[in-house]
Every structure is written in structure tokens, then in C-alpha cells.
Amino acid sequence: MTTLLITHPACLDHLVPSGHPERPDRLRAVDRALEAETFQTLARELAPMASLENIALCHPMDYIVGIRDASPKQGMIQLDGDTSMSPGSYEAALRAVGGGILAVDEVVSRKAANAFVATRPPGHHAETARPMGFCFFDNAAIAARHAQRQHGIGRVAIVDFDVHHGNGSQEIFWADKSVMYCSTHQMPLFPGTGAVGESGDYNTIVNAPLRPGDGAEKFRGAFEDRILPRLDEFKPELVIISAGFDAHRRDPLANINLVEDDFAWATLKLMDVADRHAGGRVVSLLEGGYDLQGLANSAAAHVSALMRG
Ligand SMILES: [Zn+2]
């Protein structure tokens, strides 16, 4: 079995104001990196558009319809200070959700060993009924819920190494003991959540904040001391990665000093967890990463690690 790469050119049509970090060139950089010779054995599929029913696994229908109806025919509208919509944004958001759903379908049915979904907009800041931080729908959360509802999977772990805390994923699964949410992230930093004491109603939220200036040692320590033992106790039947690469040392939005190898290391550790408990099933979704070179190199290292599975 091979690693599956899911993407779609429509995700380039989610346009943002000039100077905005979450821009189409991010995806172009990832696409270009994954065109290299070493990635020729990847299986490749286009991300389908999710149905509204798919998205309603985690968001109320009136919220979804509100996002759809807010789509401008031309120009751009702001949903909040960070989050805007252009005419192509809604389709891009549907394909970002749909990519995660297809990845779950292909990995759970053993058509692919694991999968990486390179789409945008990202998802982990979107709360149940609030767009936030460049995100409209929580792609990873919906993928987790889809695995449960469509495929009968019981326990799902979402592991989020984006440098920002995934407040949306935490909020969606706060009172749900069937989904463990684990996160490393810089604190203090946007969105401000993710303290160690935030552990959910069933102690299935695992936050491992890092300090500005931390690097590989603290990041790997957070995984080895906090996150990996909790995952082994939880025994997930599917591991979903919220793969943001903005903890890279080159990233302009944060101050964590990781390099490509650190993301590969974390990926391999999570694949080990999946091998122990989940039949190796790993689905990874792109979240942030705003330095084009750091993002491209890190995504390549991440996918290379997945291909060793
Ligand atoms: Zn981020």
C-alpha cells in the first residue's frame, strides 16, 4: 500500500487580502515540493467537495448555510479580522473538508496506507459556530466524526503540532470521551487557549504548551513525556494529524525553532502509535505554515516519513 496525497487546484482560488500570510502560494509551494522524484510513488487523488451533511457532523446547518450565503460574487468580505472570503473560498473550504473525508475513507478501507491532505483553508481554529483564524470548518474534527459515523470507528485521536492551539478542535470535543485531542503549541500566542489545565470533561484534551524560543528538545520532550503516553493509554483506532508547520524556525508568525527533521520525527512517533493501536491508520491534514521554504521542506519531510509506513 502507498501513501495517498489529496489536493485540489480549487484550493488556490481562496483569495485573501494582499500581505495575508494564509495565501495561495503556500499550497503552490507544497505542491511543488511534492512533485520531486522521491514522491513519484505517491497515489494522488483530487479532493471532492464535502456535502453539507458531512460538515454538519461538527457544525450546525444554519452556520454552514450562513458561510455559504456570505460568499461574495466578487471582491472580498471579512468574517473577522483574520478571516476573509473571496468568490472561490466556499468551494475551497468544501474541498478542504472533502479531502479529509476521502482520506479517511481510503485509509480505513485499506486502499491507502496513510494519507496527507494538502488543501486550504485550514480548519483547527473554526469552532462549532464561529469562523476564526483563517478557518471556516474544522477539517480534522469532521474527518474524525466521519470515521466514527461512517466507518464505526470508536476512539479517534487528533494530534495537532501546529504552532497555534487548535481551539476549535478542543471546543468541539471538549465533552466527548471518544476523541482525544492533543496539541503542542506556543503560549502565549493566538488564540490564547491551550493551557495544561484545559483537559476537557473526560480528561481527553492533552495540551502541551511550549514557550517562545523553545526548539527540538522541548518539542520532543512534550511528545515523549505528555502526548505519546496519553495516546498509548487511549489506544486510538485512527490517528488524525493536524499538520501545521508554523513551528518551523523560519516561520514569521511564531517563535518556535523546529526544523524539518523534528516534524519527520513527530510523524514517525505518531505512526508508531498507530501501528500499536490503529492498524497503522494515519490521516494527516495541512493546517498552518507561513514561510514558504520552511513549509515546503517540512511538508516534504512529513510526507517522506508517512511513506515509510
Ligand atoms: Zn498555526
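Residues numbered from 1 in each chain as written. Predicted model: local features only at pLDDT ≥ 70, side-chain atom pairs only at ≥ 80, totals over all residues. Heavy atoms only, no water.

Enquirer: Could you give an account of the coordination of the zinc ion, naming the residues involved and the relevant values?
Expert: The protein atoms donating to the zinc ion are Asp162 (OD), Asp162 (OD), His164 (ND1) and Asp246 (OD), with metal-donor distances spanning 2.0 to 2.7 Å. Within one chain, the residues serving as donors to the zinc ion are arranged as D-x1-H-x81-D. Of this pair, Asp162 sits in the loop between strand E6 (156–160) and helix H6 (167–172) while Asp246 sits in the loop between strand E9 (238–243) and helix H8 (260–277); the two residues are 84 residues apart in sequence, bridging distant segments of the chain. Comparing Asp162 with Asp246, the two get one shared label, buried. (Donors = N, O, S within 2.8 Å, 3.2 Å for Na, K, Ca; no water. Helix = DSSP H or I, 4+ residues; strand = E, 2+ residues; numbered from the N terminus. Buried < 20%, exposed > 50% of the residue type's maximum accessible area, 1.4 Å probe, protein only.)

Enquirer: Let's hear about unusual backbone geometry: which residues, and what values?
Expert: Between Met187 and the following residue, Pro188, the backbone shows a cis peptide bond with an omega angle of -5°. Position of Pro188 relative to the elements: it lies in the loop between strand E7 (179–186) and strand E8 (205–210). Backbone geometry places Phe134, a non-glycine residue, at a positive phi of 75°. By relative accessible area, which is 13% here, Phe134 ends up buried. Despite not being glycine, Asn203 has its phi angle at roughly 60°, a positive value. With respect to the element layout, Asn203 can be found in the loop between E7 and E8.

Enquirer: Please give an account of the sheet that holds strand E2 (residues 43–46) that cites residues and values.
Expert: Pairing within the open sheet is parallel, and its eight strands lie in the order E2-E1-E5-E10-E9-E6-E7-E8. With partners counted over all chains shown, the strands left at the sheet margins are E2 and E8, one partner each. The average angle at which neighbouring strand axes cross in this sheet is 15°, direction not considered. Of the pairings in the sheet, the one linking strand E1 (residues 3–7) to strand E5 (residues 114–118) comprises five bridges and is parallel in character. The residue bridging Leu5 from the neighbouring strand is Phe116, located in E5. Here helix H1 (residues 24–33) sits on the sheet in contact with E1, E5 and strand E10 (282–286), set at roughly 140° to E5. In this fold helix H7 (residues 216–234) packs onto E6, E7 and E8, with an angle of close to 175° to the strand it touches most, E7. (Pairing = 2+ DSSP bridges. Axes fitted to C-alpha atoms, helices over the stretch in contact; angles between N-to-C directions. Contact = heavy atoms within 4.5 Å.)

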